[in-house]
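Remarks on the overall topology
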Amino acid sequence: MAVPKFEEFFRDYLDALADGATHSNSDVKERISAAREMSAEDLQQLLPSGRETVFANRVSWASIYLNKAGLIERVARGKYAITPEGKRLQENPDIAINTNYLLRYPSFAAFQNKTASDTVSPSPVPMEAQTDEETSTPQDTIKTAFQKINTALADELMDEIMSQSPDFFERLVVQLLLKMGYGDPFEGAGIVTRSTGDGGIDGIIREDKLGFSQIYIQAKRWNPDTTVSRPEIQKFSGALRDEGASKGLFITTAHFSKGAKESAERQHIVLVDGDKLTKLMIEYDIGVSVSQTYSVKKLDSDFFSDD
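Okay, so let's go over this structure. Predicted model, so just to flag it, every value in this text is computed and none were measured. (Residues numbered from 1 in each chain as written. Predicted model: local features only at pLDDT ≥ 70, side-chain atom pairs only at ≥ 80, totals over all residues. Heavy atoms only, no water.)

Some thoughts on the environment of Asn57
- Structurally, the position occupied by Asn57 is in helix H4 (residues 54-69).
- Sequence spacing of Asn57 and Leu47 is ten residues, and the spatial spacing of their C-alpha atoms is 8.3 Å. (Helix = DSSP H or I, 4+ residues; strand = E, 2+ residues; numbered from the N terminus.)

This is the structure we're talking about:
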């Protein structure tokens, strides 16, 4: 039998979690493959990259979609449990659980729209599941799939960041800035400070060896749903004045209010929220690694020219 499409694994995934216990992704895959009586040949079929099986890839995408819809919840790294809503659907075999059905959940619709806003396709889906070839060019399909993968990866990064300590987050921020090219490549160019209290300095990037130019950082690992308001920016501005600093960066896993943005702009403070943070981490390979590489080629007209 052929490996089912990723949407066909939605109900399988819920069935695998139906006992209410927490299960790892590997355990869920074993349960699904056993329930479907999949052959070893099907389970060993690889993606073009040769680094992951088609089965594992599609089950993983199923877990991402179900999680975004709130039908399963991430309990720990790589471990999930079914939610009450997921259990309700699992117990109703008459409901066809597919991507269109999941759109009725606001959290999933927001996940879809977050991707769609950055792409040319109105209905982004994983590369393995893209079927609407009549309304999109192959290049559009690739771009849509790439954005969908990065959107899911950004959410995974945020989950991992939030499971770490505030100290880890401060070190991550300094490492990211160094990777982005801020600070000369010498030992001690980026440091995490040990100051405490609101408005303190969490990190410093030394842009030259003698310290004539420095970037002062406030790094706050706050709930992503939190809104950072104007007073927090003013506290940071006060800390910068105490240091005689001219360059300040406020970076957080949360998001900023309009007042905070206006205050930061007046005081020449750069703001980085959670969305921008994860995008930068992906761009500069912080906490991520390359999974697959595709080369898109086109005809070289010069090669065939007689001129």
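Quick look at the nonpolar core
- Counting 34 residues, the largest nonpolar core has Tyr13, Tyr65 and Leu102 as the members making the most contacts within it.
- Elements with a contribution of two residues or more to this core: helix H1 (9-16), helix H2 (25-36), H4, strand E3 (79-82), helix H6 (99-102) and helix H7 (106-116).
- Ranked by residue count, the leading element in this core is H4, at nine residues.
- Leu157, Val174, Leu277 and Met281 belong to the second largest nonpolar core, which has 22 residues in total. (Core = buried A, V, L, I, M, F, W, Y, C linked by side-chain atoms within 4.5 Å. Buried < 20%, exposed > 50% of the residue type's maximum accessible area, 1.4 Å probe, protein only.)

Re the pairing of E3
- Both strand E1 (residues 23-24) and E3 contribute to a ladder of two bridges, which runs antiparallel. Within E3, the position partnered with His23 by the bridge is Tyr80.
- When strand E2 (residues 72-76) meets E3, the two strands line up antiparallel, connected through four bridges. Paired with Ala76 across the bridge in E3 is Lys79.
- Remark: two residues form the turn of the hairpin made by E2 and E3, two consecutive strands paired antiparallel; Gly78 in that turn has positive phi of roughly 70°. (Pairing = 2+ DSSP bridges.)

Some thoughts on the side chain of Glu170
- Among the secondary structure elements, Glu170 is positioned in helix H9 (residues 166-179).
- On the accessibility criterion, Glu170 (11% relative accessible area) is buried.
- Here Glu170 is in contact with Val192, Thr193, Asp202 and Ala219, once residues within four sequence places are set aside. (Contact = heavy atoms within 4.5 Å.)

Examining the sheet that holds strand E6 (residues 214-220)
- In space, the five strands of this open sheet follow the order E4-E5-E6-E8-E10, with mixed pairing throughout. Each edge of the open sheet is held by one strand with a lone partner, namely strand E4 (190-192) and strand E10 (269-272). Averaged over all pairs of adjacent strands, the angle between their axes in this sheet comes to 20°, without regard to strand direction.
- As paired strands, E6 and strand E8 (residues 248-252) are joined by five bridges and run parallel to one another. Of the residues in E8, the one forming a bridge with Gln218 is Phe250.
- The strands touched by H9 are E4, strand E5 (203-206), E6 and E8; relative to E6, the strand with the most contacts, the crossing angle is about 140°. (Axes fitted to C-alpha atoms, helices over the stretch in contact; angles between N-to-C directions.)

Regarding the packing of aromatic side chains
- Per the stated rule, a full pass over the model turns up 13 aromatic pairs.
- Measuring from centroid to centroid gives 5.6 Å for Phe9 and Phe55, while their planes differ by 80°, and the two rings are edge-to-face. Here Phe9, found in helix H1, pairs with Phe55, found in helix H4; they are 46 residues apart in sequence, far enough to count as distant. Of the two residues examined, Phe9 and Phe55, each falls in the buried class.
- Pairing Trp222 with Phe250 gives two aromatic rings, centres 6.4 Å apart and planes at 55°, and the pair type is tilted. Residue Trp222 is located in the loop between E6 and strand E7 (227-228), and its partner Phe250 is located in strand E8; the two are separated by 28 residues in the primary sequence.
- Residue classification places Phe250 among the buried residues on the basis of a relative accessible area of 0%. (Phe/Tyr/Trp six-rings, centres within 6.5 Å; stacked < 30°, edge-to-face > 60°.)

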